[in-house]
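The residues making up each chain are set out below.
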Amino acid sequence: MVIGVVDTWIKPSNGLLTGAPTPVVAAVSGAVGAVLWWRRHRPRTVCVVVMVGYLAAFTPVALAVALYTVGDAAHRAARVLALYGLAGCAVALGSLAADHSPTDPREAGYVLALILGPLVVGAAVGMRRDLVAAARAEVAGLERERHLLVERAQAEERARIAREMHDVVAHRVGNIVLTASALQVGPLAHAEPAVGDAAERIRAEGHHALEELREILGVLTPGRGRGARGAPRAPQPDALQLAQLVEGANARGQHARLTVNGHPEALPAQVQRALYRIAQETLTNAAKYAPGSEVALTVDCRLDRIHMAVTNGPATRPLPAELPPSGGNGLIGLTERVTLLGGTLTYGPYQDGFQVRADIPHPPRTGPGHLGPATAP
Ligand SMILES: Nc1ncnc2c1ncn2[C@@H]1O[C@H](COP(=O)(O)OP(=O)(O)O)[C@@H](O)[C@H]1O
Ligand SMILES: [Mg+2]
């Protein structure tokens, strides 16, 4: 717009308006420049208007910009490009002819270059943008495909490990269940009811373990380990089962006490499961490493945090000569579980015994930042 207005006083010819009062020509030239405001919305219409303005007031810069925009917008339509190129040339040559001074062929060449150049550059810019977009889309597609392949490989690997684990553990636990069942109906249990009770507890625990194992396998290998209606075989443990768990431990001769503040049964399922697993593992550890000890379990649901502590006192019975095999993964596994929820797990000797404390934020933070490998304590 500014160039159009200022040009009016500088250049010798002003198209059809040559000879009109300079302010009039300046106003027309400025208006032609202003029309470019709409060039992105209606490139072709604006270009036609600018061509008319060019004929009237000779505005080469405005025409160059309008043609550049048409080239960019219509770079896929060769016919439109040709049409506007020809129209631009006709307008330029027409304006030169209307100018009464004799036409210099070099000037005609210069004017045509100023018309066709922007059109070609605009088309090239548009094509380049298309190419870049296509390349980006292809890269994104490849990336997605790679991601899917990795995911599938991971799922297959998980399923393989799960099947392996199932086959190994199910076999052993199955033997335990069968042996306990035989003991339960054998003469020893008839003579001594306590033996029968113990055998029944062993059988029930083993049976439960097998069910849970099958459930985990079902989660890891879709289509396997699920009931006919696709429902899980066994419900996932939740906070309501904490009391049951503690009762079971007491029935096995432990001295455990559960204190619950608040309503853990209203927490998200994965937090409830974590609380259950913490209780399960710490009760087992207390039975293993501090037989006969008092175990205090407290669950404290606050507004923004859930706090759980399991503290056991000193052993009151001698440790068995041979401890059950130690995987050493129990507390590490709990730490990973709690870390995934954005919380922390600490444990260690406490007074004469041992303490495990978990702090889980509420609501749990299970963003991608917490899905990375959990750090071992
Ligand atoms: N209640 C406890 N009393 C004493 N030591 C414990 C107790 N709980 C855990 N520990 C110690 O912490 C270690 C790690 O426990 P854990 O990760 O559960 O592995 P595991 O039970 O397979 O040995 C145990 O080997 C034991 O030395
Ligand atoms: Mg353990």
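Use the structure listed above.
First things first, this report covers the structure right here in the doc.

How each quantity is defined
- Residues numbered from 1 in each chain as written.
- Chains lettered and ligands numbered in written order.
- Predicted model: local features only at pLDDT ≥ 70, side-chain atom pairs only at ≥ 80, totals over all residues.
- Heavy atoms only, no water.
- Helix = DSSP H or I, 4+ residues; strand = E, 2+ residues; numbered from the N terminus.
- Rg over C-alpha atoms; globule rule 2.2 N^0.38 Å.
- Buried < 20%, exposed > 50% of the residue type's maximum accessible area, 1.4 Å probe, protein only.
- Contact = heavy atoms within 4.5 Å.
- Areas by Shrake-Rupley, 256 points an atom, 1.4 Å probe, with all protein chains shown as cover.
- Lys, Arg positive; Asp, Glu negative; His and termini not counted.
- Charge placed at Lys NZ, Arg CZ, Asp CG, Glu CD.
- Donors = N, O, S within 2.8 Å, 3.2 Å for Na, K, Ca; no water.
- Core = buried A, V, L, I, M, F, W, Y, C linked by side-chain atoms within 4.5 Å.
- Near = heavy atom within 4 Å.
- Polar contact = N/O pair within 3.5 Å; in protein donor to acceptor, adjacent residues only side chain to side chain.
- Salt bridge = Lys/Arg side-chain N within 4 Å of Asp/Glu carboxyl O.
- Patch = residues over 30% accessible without salt bridge, like charges linked within 9 Å, V, L, I, M, F, W, Y side chains within 5 Å.
- Axes fitted to C-alpha atoms, helices over the stretch in contact; angles between N-to-C directions.
- Parallel < 35°, antiparallel > 145°, perpendicular 65-115°, else oblique.
- Left-handed = near helix turned anticlockwise from the far one by under 90°.
- Nonpolar A, V, L, I, M, F, W, Y, C, P; charged D, E, K, R; others polar.
- Pairing = 2+ DSSP bridges.
- Expected span 1.5 Å × (residues − 1).

1. A short note on the overall build of the chain
If you tally the helices and strands in the chain, you get 11 helices and 5 strands. Compactness check: the chain gives a C-alpha radius of gyration of 42 Å against a globular reference of 21 Å for 377 residues, more than 25% above the reference. Going through the 377 residues of the chain one by one, you find that 35% of them count as buried. Counting contacts in the chain only where the partners sit at least 6 residues apart, residues at least 24 apart contribute 64% of the total. Carbon and sulfur atoms provide 63% of the accessible area of the chain, an area that totals close to 22,500 Å². The distance from the centre of the 36 positive side-chain charges to the centre of the 32 negative ones in the chain is 7 Å.

2. Points about the coordination of the magnesium ion (ligand 2)
Note on metal geometry: ideal angles are 109.5 degrees for four donors arranged tetrahedrally and 90 or 180 degrees for six donors arranged octahedrally. Coordination of the magnesium ion (ligand 2) by the protein involves E281 (OE) and N285 (OD1), with metal-donor separations of 1.9 to 2.2 Å. Placement of both E281 and N285 in helix α10 (residues 269–289) is noted, with a separation of 4 residues, approximately one turn of the helix. Overall, the relative accessible area of 15% leaves N285 in the buried class.

3. Considerations on the environment of V91
Locating V91 in the fold gives a position in helix α5 (residues 78–98). The spatial distance from the C-alpha of V91 to the C-alpha of Y276 is 84 Å, given a sequence separation of 185 residues. Non-local contacts of V91, meaning those with residues more than four positions away in its chain, are made with M51, Y54 and L55.

4. What to know about the nonpolar core
Ranked by internal contacts, the top residues of the largest apolar core, which has 30 residues, are I278, L283, L297 and M308. It is α10 that provides the largest number of residues to this core, a total of 8 residues. If we skip the residues at most four places from it in the chain, M308 touches L275, I278, A279, L297, T298, V299, V356, R357 and A358. Ranked by size, the runner-up nonpolar core spans 26 residues in total, among them A66, A74, L96 and A108.

5. Regarding the site of ligand 1
As a structural note, the neighbourhood of ligand 1 is formed by 13 residues, with E281, N285, Y289, S326 and L331 the closest of them. Take N285: an N or O atom from its side chain is 2.8 Å from an oxygen atom of ligand 1. Measuring from a nitrogen atom of ligand 1, one finds a side-chain N or O atom of N312 at 2.8 Å. Summarising the interface, the protein chains cover 75% of the accessible area of ligand 1, which totals 530 Å² for the free molecule. By residue number, the principal contributor to the shell around ligand 1 is α10, which donates 5 residues.

6. Describing the pattern of salt bridges
Applying the stated criterion to the full structure yields 10 salt bridges. Taking the shortest distance from any N to any O, the salt bridge between D130 and R76 comes out at 2.9 Å. Placement of the pair is D130 in helix α6 (residues 105–185) and R76 in the loop between α4 (60–73) and α5, with a sequence separation of 54 residues. The partly exposed category is assigned to D130, whose relative accessible area is 28%. We note a salt bridge from R203 to E200, for which the minimum N-O separation is 3.1 Å. Of this pair, R203 and E200 both sit in helix α8 (residues 193–220), 3 residues apart, roughly one helical turn.

7. Quick word on a nonpolar patch on the surface
Residues V2, V6, W9 and I10 make up a contiguous nonpolar surface patch of roughly 470 Å² in combined accessible area. Relative to the helices and strands, V6 resides in helix α1 (residues 2–10).

8. Focus on the packing of α4 against α6
Contact pair α4 / α6: the axes reach a minimum separation of 7 Å and the direction vectors enclose 30°. Looking at the two axes, α4 sits roughly parallel to α6. Here α4 runs over α6; the crossing is right-handed. For the pair α4 and α6, the contacting residues are P60, L63, A64, L67, Y68, V70, G71 and D72 in the first and L114, I115, P118, L119, V121, G122, A123, V125, G126 and R129 in the second. Its residues assigned to classes, the contact of α4 with α6 comprises 13 nonpolar, 3 polar and 2 charged.

9. Overview of the sheet that holds strand β2 (residues 294–301)
Across a sheet, strands are paired by hydrogen bonds formed along the backbone, either parallel or antiparallel in direction. With mixed pairing, 5 strands are arranged side by side in an open sheet as β1-β2-β3-β5-β4. Two strands lie at the open edges of the sheet, namely β1 (255–261) and β4 (344–350), each paired on one side alone. On average, adjacent strands in this sheet sit at an angle of 10° to one another, irrespective of strand direction. Of the strand pairs in this sheet, β1 and β2 are connected by 7 bridges, and their pairing is parallel. Each bridged residue has a counterpart across the sheet, and for R257 the counterpart in β2 is A296. In this fold helix α9 (residues 242–251) packs onto β1 and β2, with an angle of close to 165° to the strand it touches most, β1. Contacts from α10 reach β1, β2, β3 (305–312), β4 and β5 (353–361) within the one sheet, and its direction differs from that of β3 by about 10°.

10. Here's the deal with the side chain of Q272
With respect to the helices and strands, Q272 occurs in helix α10. Only 2.8 Å separates the side chain of Q272 from the backbone oxygen of L267, close enough to count as a polar contact. The residues contacting Q272, other than those within four sequence positions of it, are D238, A239, P264, E265, A266 and L267.

11. Observations regarding α4
The end-to-end C-alpha distance of α4, which contains 14 residues, comes to 20 Å, matching closely the 20 Å that a straight helix rising 1.5 Å per residue would cover. The buried fraction of α4 is high, at 10 of 14 residues. Taken together, the buried positions of α4 are occupied by P60, A62, L63, A64, A66, L67, T69, V70, G71 and D72. At its buried positions, α4 is contacted by α2 (22–35), α3 (43–57), α5 and α6.

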